[in-house]
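Descriptive analysis of the structure
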Amino acid sequence: MSFTTQDLWREFRSSHMGMAGIIILGTLILISCVTVLAIPLETFQGWSNPNNWLYYPKAAVPGWTNLFLPEAIPEHMILDDSVTYTDSAGGITLHSDIFTINYKYDDFPGGFIYEYTAEYTGAPLLTMSVLRPDDTLLNILSMPLPPSDSETTHTEKIFSTDLAIYKNLLLHSNEFDHTIDGLSAESIIFSDSTIHEPLDGRYVFTVNLYGSQGDAIQDSILVIDGKAFGIMGTDELRRDLVVGLLWGTPLALFIGLVVAIGSVTAGLIYGVYAGYKGKLTDESLMRFNDVIYALPALPFLIILAVTISNSIFVMIGFLMIFGWVGIAKVSRSMALQIKTRGYVEAAQMMGQSNTAIIFRHIIPQLLPYAFASIAISVPAAITTEAGLSFLGLGDPSFPTWGHILYDANTYGAAARGMWWWIVPPGMMIALTGLAFVFIGNALDAIVNPRLRR
Amino acid sequence: MGLKKYVATRVATLFGVLMVTLLLTVALVGSNMDVILKQGVAVQVRHEVAEIPGLADSFESVEAFEKYVQDTIDRRITELGLHEPWYSPQRIGLSMYKILLLDFGHATFLTSDSGSSNVGDIIAEKLPKTVLLFTTATIIISIIGILMGALSGSKVGSVLDRITSSFAVISSSFPVWWVGMLLIILFAFTWQIFPARATPPIPADDPGYIGALLYHMALPLITIVLIGFGAWAYLVRNFMVGILQDDFIFAKKTMGIPKKHIVYRHALKNAAPPIVTILALSLSGSLGGAIITEAVFDWPGMGRLYFEAITVLDMPVIIGATYVLTAFFLASIFVADILYGYFDPRVRTGP
């Protein structure tokens, strides 16, 4: 029954399950550290702000799925690394932004968006053209910018659905063997000239600005809309799921650990105090404990979240309210045994205060059991929080795994087969739970006398 | 004597818990509910006043008309008893008394499928659906769990035993509702064997309704069983391992009784008390359904009713459903306590 923390660790190291749990937990902590340090905080705060995700594709599968598919799905490309040239002749300055892409997919892209900010005076001309792998040059667009007498900046998004682009492309219809009437701009640009199929190879998009001295294009971004993106894909709201999954890790660990440590500490002190004082104090404290124990937790958590607040910190408090009861019961019965021991009675005779005896002599004896309880309580806290978030009662400003799954359920991801939106968050929840279940079971096997052989 | 006193304390405690639960629910939902109800009265009165032709013109000024409307609203609020705050003893006392007599009143927003707004009717309509799904699932889980647990408990260290144990540990850390979503992807999207939504699209009085309901029930049932039986098997296995080490089992073995006979007749019989206790606990616990699982599959049971009521703050339904859920929950604790006390000789004989 008596363990020091060193004994506990020595025995724990020989448990395969416990060590497996430690390894998983270590990985999760590493992910959390990398996330907090490497990913800018703005992505976390802007998770629910659709404006932050404008350039991202809608409901795109993870990019690596192309490795397993017979037909390559076009990947989403966000190009902001254009090569810039400036040239000046005869009083006209030419500013060129050149994007080069290597297209190697078996389907047409979903469209493209070009966004730019131009600084100019007068009325410069903006043209956009593409040099295709078969060396044909297609003029996509040619348009004057709004005239201005003074120095001005102009920001605009050009969409592939723009009618002017379609009309310009129709002028090239003699370069295609098949008819291009009624096709969308992107499926003309990326089409083979002999047959209407995607043409693979190097495409060079050139944006030219013909203006006066000092005119320039800033923040030039070309987005080729694809159906595959990143490591984890995107959801219906164009959010990069890898960001949500990564930020979910420190959040889940934080919620799980704070709830577990808080409720185990509270339960431990409550139970030990009841057991140590005994008599009427014990009786009344345990009756109160019975009442909380018999309250239906989930319905109450839902009512509390709806009526009081769904802030994540308040939720942590609510989860603690229901978490400490079981621990209080067990630590009371352990305190009942320990208080009859000689050294406790000796301390009482020496006139030590009750608080001192509880904290110096009884609680240290229960610490190994407390560690095991903390580990065992974490998964329940994480799954309960995830469940509440899944019902839409979570804190909407935090990208928790439960909240990602709530969004997935709202948009019917399961019935639409969007596995990449559902499998990873659940796997993360399960994996985190599993790490603590492993650690908890291993600790329990050491400290629980009934499980010792 | 010991058992009687034990039962009496438990009944008193659990009844106290039921009252505390109701009081807490009324307190938490009450203040929000009053605001909603008062707004509802105001809207209704203004609507009624606008319906009476020529009424607005019969007043001399706009102020006088406004005063008339306000007076009507105040009178209506007093008639409904809303002028007193929700925490006044009369209102809480009255509502608690009514609830105890199972009179839950009328729902504010929700109705049953047949159109009744009586909370009792709504609950009576949803409860059988929950029983159908969750009680069936619990029975299947316990049968599979007991058989697998007994089998792996009799062969400790075998492949089956290891699979059962690790399956129990792993399945316990998966959220049931997430597994439900995965199965919807597999069986409703990829292979299209079962429907994704568990509510049949045909009306309840159609002759094919029962069949459609059972067909729609398949996916949630599979989910609950898949996640549930591992823990059962593990539990039964651990009981069996303990019992199979007892002396009387060695005695039977030396008498030459076949191993199968020992495991399924004698050992299982001795493991029965705790198993029966847990079975009682989970059977009565299953009546409350599972709020999140029903939400995933859109199963029209108690859990979904409860969630819908909370999202629109339909006070009478919340209180009625909380009462019924808590009553079942407490009944299951009580049955488990009693069975435990009955099987545990220390409690049965008493001092």
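Residues numbered from 1 in each chain as written. Chains lettered and ligands numbered in written order. Predicted model: local features only at pLDDT ≥ 70, side-chain atom pairs only at ≥ 80, totals over all residues. Heavy atoms only, no water.

Comments concerning the overall build of chain A
Counting secondary structure elements, chain A contains 14 helices and nine strands. Its C-alpha atoms give chain A a radius of gyration of 32 Å, clearly above 22 Å, the size a compact globule of 453 residues would have. Taking the principal axes of its C-alpha atoms as reference, chain A extends roughly 105 × 50 × 40 Å. Residue burial in chain A is summarised as follows: out of 453 residues, 52% are buried. At a minimum sequence separation of 6, the contacts of chain A that also span at least 24 residues come to 74%. Charged side chains in chain A number 23 positive and 40 negative. The centres of these two groups are separated by 27 Å. (Helix = DSSP H or I, 4+ residues; strand = E, 2+ residues; numbered from the N terminus. Rg over C-alpha atoms; globule rule 2.2 N^0.38 Å. Buried < 20%, exposed > 50% of the residue type's maximum accessible area, 1.4 Å probe, protein only. Contact = heavy atoms within 4.5 Å. Lys, Arg positive; Asp, Glu negative; His and termini not counted. Charge placed at Lys NZ, Arg CZ, Asp CG, Glu CD.)

Structural notes on the side chain of Asp161(B)
All names here are of chain B. As for its position among the elements, Asp 161 is in helix H5 (residues 159-172). Residue Asp 161 is classed as buried on the basis of its relative accessible area, which comes to 4%. Apart from residues lying up to four places away in sequence, Asp 161 is in contact with Ser 152, Lys 155, Val 156 and Arg 237.

Some points on the interface of chain A and chain B
The interface of chain A with chain B comprises 43 residues on the first partner and 41 residues on the second. When the two sides are added together, the surface that chain A and chain B hide from each other amounts to roughly 3,400 Å², 84% of it contributed by carbon and sulfur. The three residues of chain A that bury the most area against chain B are Ile303(A), Phe390(A) and Leu391(A), which together make up 15% of that side's buried surface. At the surface where chain A touches chain B, the tally comes to zero salt bridges. For the pair chain A and chain B, the interface holds one residue pair in polar contact (both at pLDDT 80 or more). The set of elements that each furnish at least two residues to the side of chain A that touches chain B consists of helix H7 (279-294), helix H8 (297-307), helix H12 (354-390), helix H13 (401-410) and helix H14 (419-447) of chain A. Each residue belonging to the side of chain A that touches chain B can be placed in one class, and the counts come to 31 nonpolar, eight polar and four charged. (Buried area = accessible area lost by both parts, 1.4 Å probe. Salt bridge = Lys/Arg side-chain N within 4 Å of Asp/Glu carboxyl O. Polar contact = N/O pair within 3.5 Å; in protein donor to acceptor, adjacent residues only side chain to side chain. Nonpolar A, V, L, I, M, F, W, Y, C, P; charged D, E, K, R; others polar.)

Looking at the layout of surface pockets
Residues and elements named next belong to chain B. Approximately 900 Å³ is the volume found for the second largest pocket. Leu 37, Leu 82, Arg 91, Met 315 and Pro 316 are, among the 30 residues lining the second largest pocket, the residues nearest its centre. Going through the elements one at a time, helix H1 (2-51), helix H3 (89-100) and helix H12 (315-343) are the ones with two or more residues in the lining of the second largest pocket. Per-element tally for the lining of the second largest pocket: the top contributor is H1, with eight residues. Its residues assigned to classes, the lining of the second largest pocket shows 15 nonpolar, nine polar and six charged. (1 Å grid on protein atoms, 1.4 Å probe; cavity = no way out; pocket = protein on both sides within 12 Å on 5 of 7 lines; lining within 4 Å. Points joined across faces, edges and corners; volume = space filled by probe spheres on them.)

Points about the sheet that holds strand E1 (residues 77-79) of chain A
Residues and elements named next belong to chain A. Strand order across the open sheet formed by four strands is E1-E9-E4-E7, with antiparallel pairing between neighbours. Single-partner strands in this sheet number two, and they are E1 and strand E7 (148-159). Here the average twist between neighbouring strands, direction ignored, is 5 degrees. Pairing of E1 with strand E9 (residues 216-225), which is carried by three bridges, proceeds in the antiparallel orientation. (Pairing = 2+ DSSP bridges. Axes fitted to C-alpha atoms, helices over the stretch in contact; angles between N-to-C directions.)

Let's talk about the nonpolar core
One broad trend across soluble globular proteins is that nonpolar side chains are buried collectively. Core analysis: the biggest nonpolar cluster contains 175 residues, and Leu405(A), Ile422(A), Trp177(B), Met181(B), Met240(B), Tyr306(B) and Ile318(B) have the highest contact counts within it. Those residues in contact with Tyr306(B), other than ones at most four positions away along the chain, are Pro299(A), Ile303(A), Ile291(B), Ile318(B), Ala321(B), Thr322(B) and Leu325(B). Core analysis: the second largest hydrophobic core is formed by 39 residues, Met128(A), Leu141(A), Ile158(A) and Phe190(A) among them. (Core = buried A, V, L, I, M, F, W, Y, C linked by side-chain atoms within 4.5 Å.)

Thoughts on the sheet that holds strand E8 (residues 201-211) of chain A
Residue and element names in this part refer to chain A. What the five strands build is an open sheet, ordered E2-E3-E8-E5-E6; its pairing is antiparallel. Each edge of the sheet is formed by a strand with only one pairing partner; in this case those strands are strand E2 (83-89) and strand E6 (137-144). Neighbouring strand axes in the sheet, compared pairwise and without regard to direction, differ in orientation by 15 degrees on average. Examined bridge by bridge, strand E5 (residues 125-131) and E6 share seven bridges and lie antiparallel to one another. Considered in E6, the bridge of Leu 131 is made with Leu 137.

Considering unusual backbone geometry
Residues and elements named next belong to chain A. Backbone geometry at Asp 135 places phi at a positive 65 degrees, although glycine is not the residue there. Its relative accessible area of 63% is what places Asp 135 among the exposed residues. Of note in the backbone geometry, Lys 279 takes a positive phi value of approximately 50 degrees without being a glycine. With respect to the helices and strands, the residue Lys 279 is situated in helix H7. Of the residues examined, Lys 279 reaches a relative accessible area of 76% and is grouped as exposed.

Description of the pairing of E5(A)
Residues and elements named next belong to chain A. The buried fraction of E5 is high, at five of seven residues. In textbook terms, the turn of a hairpin is the stretch between consecutive antiparallel strands, and for E5 and E6 this stretch comprises five residues, one of which, Asp 135, has a positive phi near 65 degrees. Both E5 and E8 contribute to a ladder of seven bridges, which runs antiparallel. In the sheet register, Ser 129 faces E8, and the bridge partner there is Thr 206.

Quick look at the pattern of salt bridges
Inspection of the entire model under this criterion finds 14 salt bridges over all chains. With its nearest N and O atoms 2.9 Å apart, the salt bridge here joins Arg76(B) to Glu48(B). With Arg76(B) in helix H2 (residues 62-79) and Glu48(B) in helix H1, the pair connects residues that are 28 residues apart, well separated along the chain. On the accessibility criterion, Glu48(B) (33% relative accessible area) is partly exposed. A single network of salt bridges, built from pairs that share partners, joins Asp235(A), Arg239(A) and Asp407(A).

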